[in-house]
Amino acid sequence: MRSLEVAIIGYGLAGSIFHAPFIAAEPRMRVAAVVTSSAERAAQARREHPGVRVVSHADDLFTEPAGLDLVVVATPNRSHAPLAAQALDAGLPVVVDKPFAVSVTDAEAVVAQAEQSGLALSVFQNRRWDGDFQTVRELVETGKLGRVRRFESRFERWRPVPKGGWREVGSDEDGAGILLDLGSHLVDQAVTLFGPVLSVYCELDQRREGVRSDDDAFVALTHTSGVRSHLWMSAVAPQLGPRFRVLGSESGFVSYGLDPQEDALRSGRRPGDGAPWGTVEPEHWGLLGAEPDTVPTPTAPGDYLAFYSAMAAALLDGAPVPVDPRDAVTTLRLLAKARESADTGVTVTA
């Protein structure tokens, strides 16, 4: 069976936790190379992926691209588009971690380059494979809620003391701030469910002392279908709201807590380790119905591995990439409109 040789640029949290385990678990892929300038992370990569080639700089990778089949960009945000362009220049398909780029212009340029070169390009919007999102998607698509009127979605955290990293003290050019970070997931999910957006409204704040970028945001999308999506993202929420609250003409659905895959990965678990993956215990299932008649509804298992299984199928079988990069351009455009509306205090036509 043909195995795709995959290079991962960046071996911090994204590269080592969110990408490498799923590449290694996909039968038609192998972690063949890692780019990191950290001696500690280089040693970690060699422990976790015996036989891996480790280089210090992306240029070292691109000067000798022979034998590679795919590059994964898992570096700080500002380098996503430039590194994706370099990979395409080297004749290599690319997966880019979210956000795809720090500007719509940069994202559009990379998409155009991939199309002109005929190379596969996708964006790691892994939260499409969260179990709770998959559950909401099934409820919406099967009409179990009736006509959806309002979709509420939250990524909230309680981090009153800043960590001081570039996401908190960086600039717009760095792609810093919670709007671009968590908003990339929330907006992508909303558009995946409910389609094109007519208008955007945003509230954007810096709540913590010493933080230079936004750490508390609210975005309202009005979809052309009439659905309104209300999206919250915050680092300063001492009590967390529901992850999803979806209100339809016949029924509603409410769920709390995040998909368990991230915590499992951080604790050292890996897909295929023999235990159930991505499952949610019944006591944490969401409630479906209309008051006073609501019932627990099973949460679909989360499955981030599905992204890389689909990427293998795209490269080896001619299937579509798991996430169309033009979807990521749409998300960036809406986030830019959100920031524009926050600056002016008005709703902006999308």
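Since this is a predicted model, take the numbers as computed values, not measurements. Counting of residues starts from 1 at the beginning of each chain's written sequence and follows it residue by residue. pLDDT decides what is reported in this predicted model: residues at 70 or higher carry local features, side-chain atom pairs at 80 or more are listed and counted, and totals for whole chains, interfaces and linings draw on all residues regardless. Where side-chain values are given, they derive from all heavy atoms of the structure, hydrogens and water being excluded.

## So, the nonpolar core
- What makes a nonpolar core is a set of buried Ala, Val, Leu, Ile, Met, Phe, Trp, Tyr and Cys residues whose side-chain atoms join them at distances within 4.5 Å. Relative accessibility decides the category of a residue: with a 1.4 Å probe and only protein chains considered, values under 20% of the type maximum give buried, values over 50% give exposed, and everything between is partly exposed. Core analysis: the biggest nonpolar cluster contains 101 residues, and Leu61, Phe100 and Tyr308 have the highest contact counts within it.
- If we skip the residues at most four places from it in the chain, Phe100 touches His80, Ala81, Ala107, Val110, Val111, Leu121, Val123, Pro325, Ala328, Val329 and Leu332. Any two residues having at least one pair of non-hydrogen atoms within 4.5 Å are treated as being in contact.

## So, the environment of Asp89
- Structurally, Asp89 is set in helix α4 (residues 80-89).
- In protein, a polar contact requires one atom able to donate a hydrogen and another able to accept it; more generally it is a pair of N or O atoms within 3.5 Å, and residues adjacent in sequence count only if both atoms are side-chain atoms. There is a polar contact of 2.9 Å between the side chain of Asp89 and the side chain of Gln113. Elements are defined by DSSP. Helices are runs of H or I of four residues or more, strands are runs of E of two residues or more, and each kind is numbered from the N terminus.

## Some thoughts on the packing of α4 against helix α5 (residues 104-117)
- To get an axis, a line is fitted to the C-alpha atoms, and for a helix only the part in contact is used. The angle between two axes follows their N-to-C directions and goes from 0 to 180 degrees. Their axes nearest at 10 Å, the elements α4 and α5 cross at an angle of 10°. By the angle between their directions, the pair α4 and α5 is classed as roughly parallel. Contacts between α4 and α5 involve Ala81, Ala84, Ala85, Leu88 and Asp89 from the former and Asp106, Val110, Gln113, Ala114 and Ser117 from the latter.
- For this scheme, ten residues count as nonpolar: Ala, Val, Leu, Ile, Met, Phe, Trp, Tyr, Cys and Pro. Four count as charged, namely Asp, Glu, Lys and Arg, and the remainder, Gly too, count as polar. Among the residues making up the contact of α4 with α5, the classes are represented as six nonpolar, two polar and two charged. Convention used here: angles under 35 degrees read as roughly parallel, angles over 145 as roughly antiparallel, angles from 65 to 115 as roughly perpendicular, and any remaining angle as oblique.

## Let's talk about a negative patch on the surface
- A contiguous patch of negative charge on the surface is contributed by Asp172, Glu173, Glu340 and Asp343.
- Mapped onto the fold, Asp343 is located in helix α12 (residues 325-344). The patches reported here contain residues having more than 30% relative accessible area and no salt bridge. Joining distances are 9 Å for like charges and 5 Å for nonpolar side chains (Val, Leu, Ile, Met, Phe, Trp, Tyr). Only the protein chains shown count as cover for residues, and the accessible areas themselves come from Shrake-Rupley with a 1.4 Å probe. The salt bridge criterion pairs a side-chain nitrogen of Lys or Arg with a carboxyl oxygen of Asp or Glu, the two atoms within 4 Å. This count recognises Lys and Arg as positive and Asp and Glu as negative, with His and chain-terminal groups excluded. Charged side chains are reduced to one point each, which is NZ for Lys, CZ for Arg, CG for Asp and CD for Glu.

## Description of the side chain of Glu262
- Tracing the sequence through the fold places Glu262 in helix α10 (residues 261-266).
- Take Glu262: its relative accessible area is 12%, and that puts it in the buried class.
- With residues up to four places along the chain from it excluded, the contact list for Glu262 reads Phe18 and Arg127.

## So, the pairing of strand β6 (residues 121-124)
- By the alternation rule, side chains of β6 split into Leu121 and Val123 and Ser122 and Phe124, which are all buried.
- In this region the chain leaves strand β5 (residues 94-97), passes through α5 and returns to the parallel neighbour β6; the handedness of that crossover is right-handed. If the strands point away from the viewer and the path from the first strand over the helix to the second runs clockwise, then the crossover is right-handed.

## Some details on the pattern of salt bridges
- If you walk through the whole model with that rule in mind, you get 23 salt bridges.
- Glu152 is the partner of Arg154 in a salt bridge, and the nearest nitrogen-oxygen pair spans 3.7 Å.
- Arg154 gets classed as buried once you look at its relative accessible area, which sits at 13%.
- Using a relative accessible area of 5% as the deciding quantity, one classes Glu152 as buried.
- The partner of Glu156 in a salt bridge is Arg154, and the shortest N-O contact between them spans 3.9 Å.
- Residue Glu156 is classed as buried on the basis of its relative accessible area of 17%.

## Observations concerning the sheet that holds strand β3 (residues 53-55)
- The strand order across the open sheet formed by six strands is β3-β2-β1-β4-β5-β6, and the pairing between neighbours is parallel. Edge positions in the sheet fall to β3 and β6, since each has one partner strand and no second. This sheet shows a mean twist of 25° between the axes of neighbouring strands, independent of strand direction.
- Strand contacts of helix α1 (residues 13-25): β1 (4-9), β2 (29-35), β4 (70-73), β5 and β6, with the helix running at about 155° to β2, the strand carrying the most contacts. Following DSSP output, two strands are said to pair if at least two bridges run between them.

## A word on the side chain of Ser255
- Relative to the helices and strands, Ser255 is located in strand β12 (residues 252-255).
- Other than its neighbours up to four places away in sequence, Ser255 contacts Asp132, Pro242, Arg243, Phe244 and Gly286.

## Quick look at the packing of α5 against α12
- At a minimum axis distance of 9 Å, the contact between α5 and α12 shows a crossing angle of 170°. Considering their axes alone, α5 and α12 lie roughly antiparallel with respect to each other. Between α5, through Val104, Ala107, Glu108, Val111 and Glu115, and α12, the contact on the second element is made entirely by Pro325, Arg326, Val329, Leu332 and Arg333.
- The residue inventory of the contact of α5 with α12, partitioned by class, reads six nonpolar, no polar and four charged.

## What about the environment of Ala190?
- Within the fold, Ala190 resides in helix α9 (residues 183-194).
- On the accessibility criterion, Ala190 (0% relative accessible area) is buried.
- Taking the C-alpha atoms as reference points, Ala190 and Leu221, separated by 31 residues in sequence, lie 8.5 Å from one another.
- In contact with Ala190, not counting residues within four places along its chain, are Phe151, Gly195, Leu221, His223, Ser229 and Leu231.

## Structural notes on the pairing of strand β13 (residues 286-290)
- Bridge analysis of β12 against β13 gives three bridges, and the strand direction is antiparallel. In the strand pairing of β13, Gly252 is matched with Gly289.
- Where β13 lies against strand β14 (residues 293-297), five bridges are found, and the strand directions are antiparallel. The residue of β14 that forms the bridge with Leu288 is Val295.
- Between β13 and β14, which pair antiparallel in sequence order, lie two residues.

## Here we look at the packing of aromatic side chains
- To pair, rings of Phe, Tyr and Trp, with the six-membered ring standing in for Trp, must have centres within 6.5 Å; the planes then decide the type, stacked if under 30 degrees apart, edge-to-face if over 60, and tilted in the middle. For the structure on display, the rule yields nine aromatic pairs.
- Ring centres 5.9 Å apart and planes at 70° place the aromatic pair Phe22 and Tyr304 in the edge-to-face group. Linking Phe22 in helix α1 with Tyr304 in the loop between β14 and α11 (305-317), this pair joins segments that are 282 residues apart in sequence.
- You can call Tyr304 buried: its relative accessible area is 0%.

Scope: geometric values only; no functional claims are made or implied.
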